[in-house]
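Understanding the architecture of this molecule
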Amino acid sequence: MSNNSSHITEYKVLGRILLILMFFTFATISVTSFNLASFTVTVALLIAGIKGYFVLSYFMHLKYENLLLRILVGMIFVLFALIVLITFIDYSYR
Amino acid sequence: MMSEKVTHIEEHRDDAASKLGMWLFIFTELLLFGGLFLVYSIYRAQYPANFHEASLELSVTIGAVNTIVLLFSSMTIAMALTAMQKNNKKLALRLILVTLLMALVFLVNKYFEWGAKFHHGLYPGSDLMALLERGHLLYFSLYFFMTGLHAFHIIVGMILLIVVYFKVKNGSIHFEKYFLLENGALYWHLVDLIWIFLFPLMYLIT
Amino acid sequence: MSNEVNKIEYVSYLEHQGRFKGLKSWIFATDHKRIALLYMYAIAAFFFIGALLGLLMRFELIAPGETIMKAQTYNGLFTVHGVIMIFMVVIPGLSAVFGNFFLPILIGAKDVAFPRLNLFSWWIFVFGSVLAVASQFLKSGPPDTGWTFYAPYSTTTGTSVIIATTAAFILGFSSILTGLNFLVTVHQMRAPGMKFFNMPLFPWAIYATAWIQLLATPIVGITLLMLIAERLFGIGFFDPNLGGDPVLFQHLFWIYSHPAVYIMILPAMGVITEIVPTFCQRKVYGYKAIALSSLAIAGVGFLVWGHHMYTSGMSENARWFFSLLTFIVAVPSAIKVFNWISTMYKGSIDLKPPFLFALAFIFLFIIGGTTGLILGSVATNIQVHDTSFIVAHFHYIIFGGMGFAFFAAIHYWLPKMYGRLYNFRRANIACIIMFIGFNTLYFPQFVIGIQGMPRRYFDYLPQFQTGHMISTIGGVILIFGLFYMLINLIKGARKGPKAPANPWNGSTLEWQIPSPPSLENFDEPFEVKANPYDYK
Ligand code: HEM
Ligand SMILES: [Cu+2]
């Protein structure tokens, strides 16, 4: 993981990622004009998740990091999802 | 039984260690906001209609502009790192400045957004807030707290990047030793990452 | 002993002359060993303050009615006692003191990954602690919410809750930074040849603990911030009058605070796992099971917080779910107990003070753990919730567990830390006195708890008096034992006979280097064993 061998992301790639992120930003805004009822949150989170994936993988270079770190980042999101889910076991059945 | 004689301890590897340290710190930040997202999700599930009505008070345009500003700044700081790796100090410095400028634009935007709310008497503890329905009240409480905490992180990130800027300038961050720039950039991406989730959850509720 | 050869060059970390002299060479030290001692002195001081506050409460409870203090004073006392003991003593306790001192040594490193951050953590720890103690003396009066800060009482009471919660927030920050430092240390600083599964089990425990510190503490951090915002700006999160939900506060609080009990107990288990093999001269039984059960406890421990909330009005489904998971998380703890006992089986047992303390730990931890199961099942919990049964349970775990493990650790490692020995006979006597005092103090509280004695009351019905009386007597015995032990240790550390490098014939790395260690720990070649508990 020493600096010299670490991956260099080209300007072009970064620019392309920005375009993708902008695209999804407009997608998430325009999707709101349809009434998807209970799916709105799901769709919004899905799109935010995709955007987050691109930021993490390319801007934050996670794609080129070692496996351990990638697993750890994944675990953080899993842990958080579990905590939310379990809290809802209380709130959905009250 | 195999065992090994160790005659020297490897020298401290600053770069790898501090990068891992930064990632761990990012984990704590994610969970800090995670607690707020948990509160948000509980209250939104309980008062979906109220949350929808209240969110109409926010301007999607300002939110979208700020989203794009942050995404753009995230790219420029990533490019600053690339420039540093390619030993292009001048470009790196410029890109950091652009990032800082974008951060400022974000804050100014936020200032006007909050200012308008305050102008309408909508702020924590105001008389108007006390009259609101429960769901509305919770929505605005969360809105002020979450965007406020996020804005605080923007400010911290800016301070970090200013420090990095001067370190690049005086040469203590250079093309072979740039982990401070890398960590500053990581922090900045985190701020962006949180906003990516805040934006749809605060501004786009149907 | 190989250090004989280079005797001339060897300077211990206690005598090493750095940039500063005198007191400054301590409070600005970046050496992990000096920082460990700094933590120890601070924590020991807070522990004795907290213990005396506890004794004061015991005296109040010696008879029904107002005995030596007003009800409101009592409320302040149990709050500050709780805040000091939880946030300033047991949470940092073992990991900041012995983790700091021995984690790097046990994995063959010169220091932690970020020595200056380490010092910084100590400074914020002191700052937060001062704030917490100060909250006791402010004009608005000591906080009276209990260390749990439950809303909506905490958002409305007039006492200095903001100061106390700010203090807890700052202490949490210190805890996060310590955890972060240790995680990077374990990942990046292990000596060549030292794989994860060659590490001794204390580093494993500290590693698992560090993950909890890192990931759970932010949740309580944000919760306390929300509480503070609610008090300062009237932002409604938890107070029903402002639209909020008080049960949500309990969720958030326990999402941190259950994992936090593992921050307290995992390093304690780690200490015992070091001591048992050394004094039985046997390879630890089930190395991998112990190592992995630490991680399992850390992981599953995140998902069981609701067992503190059975009576809060939580849904029926949540209650059975949390109960189920609580029973599951008890399994890895039990695995460890079986491992210790199997390690002793057929070992050549040597009843030196550290081992005696370890035995006391195992005994008390078993009582604490099994009563935990009574609390984990919903039906029995509802009977004893918020009674002194709870008080007895968590003192058995926290004090009987973490506390006695701390005593075991100091008796085990003091020769290494100070290069001197204490009086063994007095140490054993102190252990026995404290063991008797402890059980006399807390066991009656199980009994009166089942009979209905509520927790956090300064007054009670006459029928509970016998129990309270016995309990107070136990408290006096315990405090006496504590001071007896303390004096023996101080005498030993200052004037005791010189300790050899390996007084217990231990096999882990710290016993391969001189006592006390030099600044950089390893001046000479050392051996990384494939199994750290390799007794031939
Ligand atoms: C064997 C595993 C354990 C089980 C099954 C268990 C179970 C429980 C349960 C169910 C409660 C809730 C009581 C109530 O209704 O208020 C409780 C309370 C408590 N436990 Fe444990 N526990 C265990 C281990 C520990 C450990 C290791 C510690 C600390 C080192 C600890 C410290 C506490 C504390 C401080 C409380 C009091 C919470 C309050 O203020 O209400 N427990 N325990
Ligand atoms: Cu618990």
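Refer to the structure presented above.
Report follows, based on the coordinates. (Residues numbered from 1 in each chain as written. Chains lettered and ligands numbered in written order. Predicted model: local features only at pLDDT ≥ 70, side-chain atom pairs only at ≥ 80, totals over all residues. Heavy atoms only, no water.)

1. Structural notes on the overall build of chain B
- Looking only at helices and strands, chain B features seven helices and one strand.
- Along the chain direction, N to C, the helices and strands of chain B fall in the order β-α-α-α-α-α-α-α.
- Scaling as 2.2 N^0.38, a compact globule of 206 residues should have a C-alpha radius of gyration of about 17 Å, whereas chain B reaches 21 Å, well beyond that.
- If one aligns the C-alpha atoms of chain B with their principal axes, the spans along those axes are about 70 × 55 × 25 Å.
- For chain B, the residues scored as buried account for 61% of the 206 residues in total.
- Element-wise, carbon and sulfur atoms account for 66% of the exposed surface of chain B, whose accessible area totals about 8,100 Å².
- On chain B, the mean spot of the 14 positive side-chain charges and the mean spot of the 14 negative ones are 9 Å from each other. (Helix = DSSP H or I, 4+ residues; strand = E, 2+ residues; numbered from the N terminus. Rg over C-alpha atoms; globule rule 2.2 N^0.38 Å. Buried < 20%, exposed > 50% of the residue type's maximum accessible area, 1.4 Å probe, protein only. Areas by Shrake-Rupley, 256 points an atom, 1.4 Å probe, with all protein chains shown as cover. Lys, Arg positive; Asp, Glu negative; His and termini not counted. Charge placed at Lys NZ, Arg CZ, Asp CG, Glu CD.)

2. A word on the coordination of the iron atom of ligand 1
- A lone protein donor contacts the iron atom of ligand 1, and this donor is H393(C) (NE2), found at 2.5 Å.
- Between the iron atom of ligand 1 and the copper ion (ligand 2) there is a metal-metal distance of 4.8 Å. (Donors = N, O, S within 2.8 Å, 3.2 Å for Na, K, Ca; no water.)

3. Structural notes on helix 4 (residues 93-106) of chain C
Residues and elements named next belong to chain C.
- In this model helix 4 runs 18 Å from its N-terminal to its C-terminal C-alpha over 14 residues, within 8% of the 20 Å that 1.5 Å per residue would give.
- The largest bend along helix 4 reaches roughly 55° and is located at G99.
- A large share of helix 4 lies buried, amounting to 14 of its 14 residues.
- G108 occupies a position one or two residues after helix 4 and carries a positive phi of about 75°. (Expected span 1.5 Å × (residues − 1). Bend = angle between axes of the 7 residues up to and from the residue.)

4. Observations concerning the environment of Q463(C)
- Tracing the backbone through its elements, the reader meets Q463(C) in the loop between helix 15 (424-451) and helix 16 (465-495).
- Sequence spacing of Q463(C) and L478(C) is 15 residues, and the spatial spacing of their C-alpha atoms is 25 Å.

5. Digging into empty space enclosed by the protein
Residues and elements named next belong to chain C.
- For the structure on display, the rule yields seven cavities of 30 Å³ or more.
- Contributing to the lining of the largest cavity are 18 residues, with F87, I91, P92, L171 and S175 lying nearest its centre.
- For the lining of the largest cavity, the secondary structure elements donating two or more residues are helix 4, helix 7 (161-188) and helix 8 (201-233).
- For the lining of the largest cavity, the class distribution of residues is 11 nonpolar, seven polar and no charged. (1 Å grid on protein atoms, 1.4 Å probe; cavity = no way out; pocket = protein on both sides within 12 Å on 5 of 7 lines; lining within 4 Å. Points joined across faces, edges and corners; volume = space filled by probe spheres on them. Nonpolar A, V, L, I, M, F, W, Y, C, P; charged D, E, K, R; others polar.)

6. A short note on the packing of aromatic side chains
All names here are of chain C.
- By the definition in use, this model includes 74 aromatic pairs over all chains.
- Ring geometry for F28 versus W123: centroids 6.3 Å apart, planes at 25°, classification stacked. Taken together, the residues F28 in the loop between helix 1 (24-27) and helix 2 (32-60) and W123 in helix 5 (residues 115-134) connect sequence positions 95 residues apart.
- Note on F28: relative accessible area 36%, which makes it partly exposed.
- Here F363 and F435 contribute two aromatic rings whose centre-to-centre distance is 5.3 Å and whose plane-to-plane angle is 65°, an arrangement assigned as edge-to-face. Of this pair, F363 sits in helix 12 (residues 353-376) while F435 is found in helix 15, placing the two residues 72 residues apart along the sequence.
- The partly exposed category is assigned to F363, whose relative accessible area is 44%.
- Taking the ring centre of W26 as reference, the NZ or CZ of R34 above it sits at 4.4 Å.
- When the ring centre of F197 is taken as reference, the NZ or CZ atom of K288 above it lies at 4.7 Å. (Phe/Tyr/Trp six-rings, centres within 6.5 Å; stacked < 30°, edge-to-face > 60°. Lys NZ or Arg CZ within 6 Å of the ring centre and 35° of its normal.)

7. Structural notes on the interface of chain B and chain A
- Taken together, the contacts link 51 residues of chain B with 46 residues of chain A.
- When chain B packs against chain A, the two sides together hide about 4,300 Å² of surface, and 76% of this comes from carbon and sulfur.
- At the boundary of chain B with chain A, the tally comes to two salt bridges.
- Close ionic contact of K19(B) with E65(A) constitutes a salt bridge, the shortest N to O distance being 2.8 Å.
- In this assembly, chain B and chain A are joined by five residue pairs in polar contact (both at pLDDT 80 or more).
- Only helix 1 (14-46), helix 3 (60-85) and helix 7 (179-203) of chain B provide two or more residues apiece to the side of chain B that touches chain A.
- Among the elements that make up the side of chain B that touches chain A, the one with the highest residue count is helix 1 of chain B (17 residues). (Contact = heavy atoms within 4.5 Å. Buried area = accessible area lost by both parts, 1.4 Å probe. Salt bridge = Lys/Arg side-chain N within 4 Å of Asp/Glu carboxyl O. Polar contact = N/O pair within 3.5 Å; in protein donor to acceptor, adjacent residues only side chain to side chain.)

8. Topic: the coordination of the copper ion (ligand 2)
All names here are of chain C.
- Taken together, H258 (ND1), H307 (NE2) and H308 (NE2) make up the full set of protein donors to the copper ion (ligand 2), lying 1.8 to 2.0 Å away.
- All donors to the copper ion (ligand 2) come from one chain, and their sequence spacing reads H-x48-H-H.
- By relative accessible area, H308 is classed as partly exposed at 23%.

9. Looking at the interface of chain B and chain C
- On the chain C side, the residues contacting the 39 residues of chain B number 47 residues.
- Of the roughly 3,700 Å² buried between chain B and chain C on both sides combined, carbon and sulfur atoms contribute 73%.
- Across the chain B-chain C interface, the total number found is five residue pairs in polar contact (both at pLDDT 80 or more).
- Broken down by secondary-structure element, the contributors of at least two residues to the side of chain B that touches chain C are strand 1 (3-6), helix 1 and helix 6 (134-169) of chain B.

10. Side note on a positive patch on the surface
All names here are of chain C.
- A contiguous patch of positive charge, built from R425, R426, K491, R494 and K495, is present on the exposed surface.
- Contributions of two or more residues to the positive patch are made by helix 15 and helix 16.
- Broken down by element, the residue count for the positive patch peaks at three residues, all from helix 16.
- When you line up the elements, K491 lands in helix 16. (Patch = residues over 30% accessible without salt bridge, like charges linked within 9 Å, V, L, I, M, F, W, Y side chains within 5 Å.)

11. A look at the pattern of salt bridges
- Here the structure, examined in full by the defined rule, presents 11 salt bridges over all chains.
- Residues K110(B) and E113(B) are paired through a salt bridge, measuring 3.0 Å at the closest nitrogen-oxygen approach. Linking K110(B) with E113(B), this pair stays in helix 4 (residues 89-119), spanning three residues, or about one helical turn. The pair formed by K110(B) and E113(B) is uniform in burial state, with each residue classed as buried.
- A salt bridge links K33(C) to D31(C), with the shortest nitrogen-to-oxygen separation between them at 3.3 Å. Each member of the pair, K33(C) as well as D31(C), carries the same accessibility label: buried.
- One connected set of salt bridges, linked through shared partners, spans E65(A), K19(B) and E182(B).

12. Here we look at the nonpolar core
Residue and element names in this part refer to chain C.
- Counting 302 residues, the largest nonpolar core has F98 and M417 as the members making the most contacts within it.
- Sort the elements by how many residues they give to this core and helix 9 (residues 246-280) lands first, with 22 residues.
- Apart from the residues lying within four places of it in its own chain, the contact partners of M417 are Y13, L14, L37, M40, F98, F101, F102, I410 and P516. (Core = buried A, V, L, I, M, F, W, Y, C linked by side-chain atoms within 4.5 Å.)

13. Considering the site of ligand 1
Residues and elements named next belong to chain C.
- Close to ligand 1 lie 21 residues, the nearest being N381, H385, H393, I397 and R455.
- Within the contact set of ligand 1, a nitrogen atom lies 3.0 Å away from a side-chain nitrogen or oxygen of H393.
- Between an oxygen atom of ligand 1 and a side-chain N or O atom of R455, the distance comes to 2.6 Å.
- Taken together, the elements giving at least two residues each to the shell around ligand 1 come down to helix 9, helix 12 and helix 14 (388-418). (Near = heavy atom within 4 Å.)

14. Observations concerning unusual backbone geometry
All names here are of chain C.
- A151 connects to P152 through a cis peptide bond whose omega is 0°.
- Position of P152 relative to the elements: it lies in the loop between helix 5 and helix 6 (153-156).
- At the junction of S515 and P516, the peptide bond is cis and its omega measures out at -15° in the coordinates.
- Relative to the elements of secondary structure, P516 occurs in the loop between helix 16 and strand 1 (526-529).
- Not every positive phi belongs to a glycine, and K346 is a case in point at roughly 65°.
- By secondary structure assignment, the location of K346 is in the loop between helix 11 (316-344) and helix 12.
- Of note, the phi angle at R456 is positive, near 65°, even though the residue is not glycine.
- The exposure class of R456 is partly exposed, given its relative accessible area of 29%.

Read these as layout, nothing more, since geometry by itself doesn't imply function.
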